[in-house]
Amino acid sequence: MRIGILGPLWVTGTQIRGVRLRVLLIRLALEPGRVVTTERLADDLWGEPPANPAAALHSLVSRLRRELREGLSGAVVSHPAGYLLDVPPQEVDAAEFERLVRAGRAERDPRRAADFLQSALSLWRGAALADAADLSFARAAAARLEELRLSALEARVTADLAVADAAAAGALVAELEELVAAHPLREPFHALLMRALRAAGRRGDALETFERVRRRLADELGVDPGAELRAAHLEALRDLPAAPASPRRAVRGNVPAPVTRLVGRREDVARVRSLLSAARLVTLTGPGGAGKTRLAVEVAGGLTAASGVWLVELASAGDPADVAAAVRATIPPATPEPDGDVATRPAASPLDALVEALAGRELVLVLDNCEHVVDGAAAVAERLLAGVPGLRILATSREPLDVPGEHLHPVRPLALPGDGVDAARALEFPAVALFAERASAARPGFAVDDSVVADVVAVCRELDGLPLAIELAAARLRSFTVRQLAEAVGERLTLRGGRTAGPRHRTLRAVIDWSWGLLSPGERVALRRLSVFAGGATAEAALRVCGADLETVACLMDRSLVVVAEPDGPADRAARVRYRLLETVRAYAAERLEEAGEARAVRDRHLGFFIETAEESEPGLRTADQLRLLAMLDAERGNLDAALGHAVRTGQERRALRLFTARLWAWTVRGRGDEAAGWARAIRAALGDVAPPGLELSHTLCALLASEGPYAPPEALRVVEESGHPVALWAWIVGVRPSGGGLEHWRRALAAMRAFGDHEDPWARATALLMGGIGEFEYGRAGARAAEAWLRKALAGYRALGERWGLSLTLYWLSLAAENRDDAGEALTLLEEAAELAGLIGGVDAVPVPLMLRVRLAQLRARTGDLAGAERELARAGEVAGRTGDRVAAARVRQAAGEVARRRGALGEAEGLLVEALELVGGQAGVPAQFLATVHVELARVRAERGDREAAWRSLRSALESSGRAGDETVRAMVLEAVAEWCAGGGDLSRAALLAGAARSLRGLELTSRVRSSR
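My aim in this report is to walk through the structure given alongside it, one point at a time. Counting from 1, residues in each chain are numbered in the order their sequence is written. For a predicted model such as this one, the threshold for reporting local features is a pLDDT of at least 70, and the threshold for listing and counting side-chain atom pairs is 80 or more; totals across whole chains, interfaces and linings nevertheless cover every residue. In computing side-chain properties, one takes all heavy atoms of the structure into account and sets aside hydrogens as well as water.

The next point concerns the overall build of the chain. Numbering goes from the N terminus for both helices and strands, where a helix is a DSSP run of H or I of at least four residues and a strand is a run of E of at least two. When its secondary structure is counted, the chain shows 47 helices and 14 strands. Of the contacts made within the chain by residues no fewer than 6 positions apart, 68% connect residues no fewer than 24 positions apart. When the accessible area of the chain is evaluated, it comes to approximately 44100 Å², of which 52% is carbon and sulfur surface. By the convention used here, residues are in contact when the closest approach between their heavy atoms is within 4.5 Å. With residues, only the protein chains shown are counted as cover, and all accessible areas are computed by Shrake-Rupley using a 1.4 Å probe.

This is the structure in structure tokens:
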């Protein structure tokens, strides 16, 4: 995880929405790895802390963790005293900046000092802490960082000036003139400008600069020049040398000037330059096509050395022994020294001769494409580094050189956006930005806009974010549309490069062929078999499915054909490390698997392994181990889908049904009922209507979920009821209705579930209590009070188990019961806990009533006086509704927004929102009558408050009609309460009291004459 705060907030691969969330992350990033106390955070974030700062911070941290993408959320860690950002300091640009500045100041060699300082300065992207600029903590920190930046600039220019000849000093003059214009009263910049002018042979201009700044200091500050300015002035008057002269002008070397702009590698360039400042051997590793050579050229182009920076191309080297010869052929001989030519002495070997030829010289070697001669490259690097103290080496290779002192920099694919982003957001990601730039060169006038962004993102994702692949694809726009390119990208291995590309870069197939040819037979077997994994494999899976042990996998990793994905948290780290192939490599390896005739056998082993994985984890999904197992199954989702698809395609009915059943509860908990139904239909279509012996329950559940109609045949229900399996019964209850449907369905379902009241499984007992409570709430004669008793017992059962899904659902229904008692505060507390648990088990959007949870949070916040919090919840609910395109969902959001608007006195706005809600669902089939009644009640209240009692009554009549169709006693109670309010507003208090009493009776509460205050 990398975080940038030296400019607008930047986080690896994600965007943090919400100003307060960005401020929180910035504040923690100022002290990475250190606990920031709750009190300090509250003071810094709010100035005037909220009433309950601990709760407010907890909520804010929870939201920040949800915003951070997979693999990052664990970085924000709770501590008894506060919170900390658990990332290495070097992953935060501000901390890395300070480290590099310290290293630059400590370095005695001016060239190395300048490299350190330039690496530090390259991390800046704008004003520090820009997203928090209006807060006092940020102003102080930003001012300190800005002062450090300016002092680093001074130090870097000083170091450059120490080794500059007249031409280099002239270039520094231009830079310093810009700096003194931006900082006219900063004396060190003026002093450096005077010294640079002298070094460039412009002594008169240096003296004029002194006079100019002397007058300005006197006029604006009333002070004389300081000691540093006076010293520079004296040097100019005496014409003393401003800095030690370089013995001779640096040799340029042979690094070519880049033809195209390097996109998306700013941080890589800065880090590699930083590494080269501290280490003498840095190797860029990564898969073919990742852009190692291009990055090396970019880095080398910014380096200087007295004897030059030299690019040694090893692609044509046929043997390890050729490496030394290639280096010797690239670097011209040094001019012989007057006291003798030691380089002409006979040497024991070509490598010894090379060491003697380079002895005493200061230079940088870029050894490019080492992987096929890695042994020779390693031997040359180790010997040269030992014998040539002034040498630094930057190597590129698909595997490390494995030489002592080597520092690795993996060159990873370019970052990719997620689904559903617009063009502006997508172009912030390097992969899309590279495609856009290269595509506009291939097809003038092309731009990534909202009409093509989805296809562009799909292309970049299919190509793994590999720069070479993206560039080859973008060039195809000369003859393809973006849509055609997206449809054809499956043929990625045939994408062809330009005429001048090297043979191994002409196509993606050639890129991978190059790596394949370097593998041993055992490594080739492992690589082609690993192609059956979709989304990666654990070490155990790789061994059992492919026979690939860790040593073989490690060799493939060293060759950049397998990449490793670390887990995002410390728990169970070793077991959760995953190995995967880039999709381009996977496509190539899959072809090789088919050629070897192994595809069916390996895929059968893959299927068997994931049946076992799913079946072993399924019972644990209803225990305190739920979150870990859900995370594991999510990580294996691609493999589970691939395995199930293989079983269906090859007619393996028993194995398909076993895997389907083992996955059913995970789908339910994650709120993926549509996914389960889709697989059920696919299995039914392929495998038929007859249940295999012993799998009658699995077959029946599959048939029920595959059913397009609303009703289930009696025999299906009988199989489910007789199975004695609580998950099966639950799936039937929430997924289908038996023949007849309606109230009878629920009564029979509840009766069946209650039979689990004395089940040996504690989860089954708690779920029976939950269903009993829901049944009493919805259909029971005793009403909500009896329901609450059932739900409290269910709550205790789930808490004892530590099972979050049932706990979240029970809390949701208990919040309804509290709301029914007119206790909005308790209802809100219960619902907030339900939402937090839902976030843990799969995001709030995964609970059984996702939108209603958000809407109810908004309504309860409004009813407890938190109108701002209500509006924030509605904004998030609106996002959910917008993603679904569901008109009823959008209407629910507008209905709640209308209530919030009424509570803050915006009656016109409220009425408009409520009318819009009715228009959204007007004429649409299947709109819940409960919802219509709720909208009409709220509209009646708004119109009554506006003084239009007649219009309010018309709305109440509509509400009464809808509540009569709803068959829901709590909805009928709500409408009667609204009518009671209308009567009371007209002075008919006796009728109002009568109606209010009837409403409370419907709610199962004690009778009272007061009108409810929930309005």
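This next bit is on the packing of aromatic side chains. Stacked, tilted and edge-to-face are the three classes applied to pairs of Phe, Tyr and Trp rings, where Trp contributes its six-membered ring and a pair requires centres within 6.5 Å; stacked means planes under 30 degrees apart, edge-to-face means over 60, and tilted covers the rest. Tallied over the full model, the rule gives nine aromatic pairs. Residues W665 and W763 carry aromatic rings whose centres are separated by 5.2 Å and whose planes lie at 80° to one another, so their mutual orientation is edge-to-face. Remark: W763 occurs in helix α36 (residues 762–778) and W665 occurs in helix α30 (residues 653–669); sequence separation between them is 98 residues. Using a 1.4 Å probe on the protein chains alone, a residue whose accessible area is under 20% of its type maximum counts as buried, one over 50% counts as exposed, and one in between counts as partly exposed. Residue W763 is classed as buried on the basis of its relative accessible area, which comes to 0%.

So, on to the pairing of strand β7 (residues 309–313). Counting buried positions along β7 yields four of five residues, so the element is predominantly enclosed. Bridging between β7 and strand β8 (residues 363–368) involves five bridges; their strand directions are parallel. Within β8, the residue paired with E313 across the bridge is D368. A pair of strands is considered paired only if DSSP assigns at least 2 bridges between the two.

Residues belong to one nonpolar core when they are buried, are Ala, Val, Leu, Ile, Met, Phe, Trp, Tyr or Cys, and are joined through side-chain atoms within 4.5 Å. Membership of the largest hydrophobic core comes to 157 residues, with the highest contact counts inside it found for L394, F435, F446, V456, L527 and F533. When residues no more than four places from it in sequence are discounted, the contact partners of F533 are A541, A542, V545, C546, R586, H606, F610 and N639. In this structure, L64, L145, L153 and A164 belong to the second largest nonpolar core, which totals 74 residues.

To continue, consider the sheet that holds strand β6 (residues 281–285). Spatial ordering of the open sheet is given by β7-β8-β9-β6-β10, a layout of five strands whose pairing is parallel. Where the open sheet ends on each side, the last strands, each with one partner, are β7 and β10 (406–410). Across this sheet, the average inter-strand angle for adjacent strands is 20°, counted without regard to direction. Pairing of β8 with strand β9 (residues 391–397), which is carried by five bridges, proceeds in the parallel orientation. Bridged to V366 within β9 is L394. Throughout, an axis means a line fitted to C-alpha atoms (over the contacting stretch in the case of helices), and angles, computed between N-to-C directions, take values from 0 to 180 degrees. The strands touched by helix α11 (residues 266–278) within the sheet are β6, β9 and β10, with β10 carrying the most contacts at an inclination of about 180°.

As a further point, take the packing of helix α4 (residues 93–106) against helix α6 (residues 136–162). One way to put it is that α4 packs onto α6 with a least axis distance of 11 Å and a crossing angle of 35°. α6 is crossed by α4, and the crossing has left-handed handedness. On α6, the residues touching A94, F97, E98, V101 and R105 of α4 are R144, L145, L148, R149, S151 and A152. In this classification, the charged set is Asp, Glu, Lys and Arg, the nonpolar set is Ala, Val, Leu, Ile, Met, Phe, Trp, Tyr, Cys and Pro, and all remaining amino acids, among them Gly, are polar. Residue classes in the contact of α4 with α6 are distributed as six nonpolar, one polar and four charged. Left-handed is the label given to a crossing in which the near helix is rotated counterclockwise from the far helix by less than a right angle, and right-handed is the label when the rotation is clockwise.

What follows covers the pattern of salt bridges. Note on definitions: salt bridges are taken to be side-chain nitrogens of Lys or Arg within 4 Å of carboxyl oxygens of Asp or Glu. Throughout the structure, instances matching the rule amount to 68 salt bridges. What you see here is one network of salt bridges that share partners, running through R27, E31, R34, R40 and D44.

This next bit is on helix α23 (residues 539–546). Within α23, the full set of buried residues consists of A541, A542, V545 and C546. Looking straight down α23, one finds its buried side chains confined to an arc of 100°; they lie on one side. Structurally, α23 contributes buried residues whose contacts are with α22 (521–530) and α27 (599–617). G547, located one to two residues past α23, shows a positive phi value of around 70°. It is the directions from the helix axis to the C-beta atoms whose arc is reported.

What follows is about the side chain of H936. By the secondary structure assignment, H936 is in helix α44 (residues 929–945). Those residues in contact with H936 that sit more than four places away from it in its chain are L918, S955, S958, A959 and S962.

Right, let's get into the environment of L385. Tracing the backbone through its elements, the reader meets L385 in helix α15 (residues 374–387). As a C-alpha pair, L385 and R280 span 105 residues in sequence and 7.5 Å in three-dimensional space. Excluding residues within four positions of it along the chain, L385 makes contact with R280, L281, L391 and I393.

On to unusual backbone geometry. Not every positive phi belongs to a glycine, and L129 is a case in point at roughly 55°. Topologically, L129 is positioned in the loop between α5 (110–121) and α6. Accessibility expressed as a relative area gives 0% for L129, which makes it buried. Even without being glycine, N369 reaches a positive phi, approximately 65°. Here N369 is to be found in the loop between β8 and α15.

A surface patch of nonpolar side chains, about 230 Å² in accessible area, is lined by L185, L221 and V223. Mapping L221 onto the fold places it in the loop between α9 (203–220) and α10 (227–238). Like-charged residues are merged into a patch within 9 Å and nonpolar side chains (Val, Leu, Ile, Met, Phe, Trp, Tyr) within 5 Å, provided each residue has over 30% relative accessible area and no salt bridge.

With that settled, consider the side chain of Q859. Relative to the elements of secondary structure, Q859 occurs in helix α40 (residues 850–863). When residues no more than four places from it in sequence are discounted, the contact partners of Q859 are Q895, A896 and E899.

Turning next to the packing of helix α2 (residues 38–46) against helix α3 (residues 53–67). Between α2 and α3, the least distance of the axes is 10 Å, while the angle of their chain directions is 75°. Viewed along their axes, α2 and α3 adopt a mutual orientation that is roughly perpendicular. Two secondary-structure elements touch here, α2 through T38, L41, A42, L45 and W46 and α3 through P53, A54, A56, L57 and L60. Split into classes, the residues belonging to the contact of α2 with α3 amount to nine nonpolar, one polar and no charged. Any angle that falls under 35 degrees is termed roughly parallel, while one over 145 is termed roughly antiparallel, one within 65 to 115 roughly perpendicular, and all others oblique.

The next subject is the sheet that holds strand β3 (residues 36–37). In a beta sheet, neighbouring strands pair by backbone hydrogen bonds and run either parallel or antiparallel. The antiparallel open sheet is built from three strands, whose spatial order is β3-β5-β4. Edge positions in the open sheet fall to β3 and β4 (76–79), since each of these has one partner strand only. In terms of strand pairing, β4 meets strand β5 (residues 82–85) through four bridges, oriented antiparallel. Bridge pairing in β5 links V76 to L85. Helix-sheet contacts for helix α1 (residues 19–29) involve β3, β4 and β5, and the interaxial angle to β5 is about 75°. Those strands touched by α3 are β4 and β5, and its axis lies near 155° from that of β4.

Mapped onto the elements, A162 comes out in helix α6. The class of A162 is buried, set by a relative accessible area of 18%.

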